[in-house]
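Below are the chains, spelled out letter by letter.
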Amino acid sequence: MKTKKQVLRQAFKAAFPNTIPIFAGFTFLGMAYGIYMNAMGFSFLYPMLMSLTILAGSIEFVTVGLLLEPFDPLRAFFMALTINARHLFYGISMLEKYRVPGIKRFYLIFGMCDESFSVNYMADIPEGVDKGWFQFFVTALNHSYWVLGATLGGLLGQVIEFNTKGLEFIMTALFIVLFLNQWMKEESHHSSLIGLTVSAICLILFGSDGFIIPAMVLILLILTIFRKAFAKAGVVR
Amino acid sequence: MTMNVTQHIITILAVILGTMATRFLPFILFPADKSTPKYVEYLGKVLPAAVLALLVVYSLKDVEILTGNHGIPELIAIGVVVSLHIWKKQMLLSIAGGTITYMLLVQFIF
């Protein structure tokens, strides 16, 4: 029988190497996010607490903008819902894998950002390592890197004075890279192209303040209508 | 009109609620002992690509194409991100390269 301490140490040792690439990415992006938020006039407490409680990079960048606009929590809620809608599909993919005992399961779902999802989804957990604790450490380590980066960025922004004009492009660059990664990995580009075209048309028709929800609905509608045709064309197996 | 701290907190709580809804809903809707509907499985495969495309457009929504500098700095910086990423496939390099290019362009040239 292994003691609890041994189980934990073994799971940590197996989980940690999987999170090293995320460490680099999250501290870098987190710092940029913290500096950006600071440049927009917020104390380091904002990026620190937001990275701790929201733990979703895209919506955290978007929230900075929302905090500078007139008070509208309902809009903030729906923005979070639409921008993070992809989590619904992570969840569906993890229904089986995240079936672990105890309160860990709650934390795994709470902390299911893109990176923790992909590491836990792809991970080959070694024989004998506790699955639940492995997934817990992956999630908790990634979470801590993100909070660390955002907090450091917020503090750094207060100490160092430099011209941050144009720093907001980091969000665009992040999304383009995520999109390219998806593009290079997918067998057919139907969904990517539908997403691009529909969003661009909706932006022109509805303007920058109100296009995201019509675009989301239209994308869902088109993907639903052409489901059979896509199956025939071999877009999805 | 700028918000006060209470309104900030309420806005952030709304964002947390929206985010957590997307993470917890599947586990509430599809308990592990029931099978997931085929339609939902299909969406799980095709939707992420479209949502990423939507986010790209979203992040460019305020670019003025008809006025100002006509989105030229954005276009150049996007070119840098895409080229770097196709060339090196290093996520951080592509993001840093594109962002620094953009900052230099809007601070010194445009």
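The written sequence of each chain sets the order in which its residues are numbered from 1. Think of it this way: whatever chain is written first is A, whatever ligand is written first is 1, and the rest follow in order. For this predicted model, a pLDDT threshold of at least 70 governs which residues receive local features, and a threshold of 80 or more governs which side-chain atom pairs are given and counted, while totals over whole chains, interfaces and linings are taken from all residues.

Undergrad: How would you summarise the overall build of chain A if you had to cite specific residues and measurements?
TA: Numbering goes from the N terminus for both helices and strands, where a helix is a DSSP run of H or I of at least four residues and a strand is a run of E of at least two. Scanning chain A from terminus to terminus reveals 12 helices and 0 strands. The order of helices and strands in chain A, counted from the N terminus, is α-α-α-α-α-α-α-α-α-α-α-α. Principal-axis analysis of the C-alpha atoms places the extent of chain A at approximately 65 × 55 × 30 Å. Any residue surrounded by 20 or more other C-beta atoms within 10 Å of its C-beta is treated as buried, while 12 or fewer makes it exposed and the intermediate range makes it partly exposed; C-beta atoms here are placed from the backbone. Across the 237 residues in chain A, those meeting the buried criterion constitute 47%.

Undergrad: Which residues make up unusual backbone geometry, and what values do they have?
TA: Of note in the backbone geometry, L55(A) takes a positive phi value of approximately 50° without being a glycine. Position of L55(A) relative to the elements: it lies in the loop between α2 (45–53) and α3 (57–68). You will see that K89(B), though not glycine, has its phi angle at about 55°, which is positive. Looking at where K89(B) falls in the secondary structure, it is placed in the loop between α3 (72–88) and α4 (91–109).

Undergrad: Tell me about the domain arrangement of chain A, and name the residues and values.
TA: Examined at the domain level, chain A breaks down into domain 1 (4–168) and domain 2 (186–237). Boundary definitions for the domains trace back to an automatic or database domain assignment. For domain 1 of chain A versus domain 2 of chain A, the separation of C-alpha centres amounts to 27 Å.

Undergrad: I'd like a rundown of the packing of α3(A) against helix α1 (residues 5–29) of chain B, residues and numbers included.
TA: Only the stretch in contact is used when a helix axis is fitted, and all axes are lines through C-alpha atoms; the angle between N-to-C directions ranges over 0 to 180 degrees. Orientation of α3(A) relative to α1(B), taken along the N-to-C sense of each, is 150°, at an axis distance of 11 Å. On the basis of the axis angle, α3(A) is roughly antiparallel to α1(B). The chirality of how α3(A) crosses α1(B) is right-handed. Every residue of α1(B) that contacts α3(A) at I59(A), T63(A), L66(A) and L67(A) is listed here: H8(B), T11(B), I12(B), V15(B) and T19(B). Taken together, the residues that form the contact of α3(A) with α1(B) break down as 5 nonpolar, 4 polar and no charged. When an angle is under 35 degrees it counts as roughly parallel; over 145 it counts as roughly antiparallel; between 65 and 115 it counts as roughly perpendicular; any other value is oblique. Crossing handedness is read from the near helix: turned anticlockwise from the far helix by less than a right angle, it gives a left-handed crossing, and turned clockwise, a right-handed one. C-beta atoms are placed from the backbone for every residue, and two residues are taken to be in contact when these atoms lie within 7 Å. Classification convention: Asp, Glu, Lys, Arg as charged; Ala, Val, Leu, Ile, Met, Phe, Trp, Tyr, Cys, Pro as nonpolar; all other residues, Gly among them, as polar.

Undergrad: Now, about the nonpolar core: what can you tell me, with residues and values included?
TA: Nonpolar cores are identified as sets of buried Ala, Val, Leu, Ile, Met, Phe, Trp, Tyr and Cys residues joined via C-beta atoms within 7 Å. Ranked by size, the top nonpolar core spans 103 residues in total, and within it A50(B) and L54(B) carry the most contacts. For this core, the leading source of residues is helix α2 (residues 38–59) of chain B, giving 13 residues. Among the domains, domain 1 (4–168) and domain 2 (186–237) of chain A are the pair contributing at least three residues each to this core. Beyond its immediate sequence surroundings of up to four residues, A50(B) is in contact with S191(A), S192(A), I194(A), G195(A), I219(A) and L223(A).

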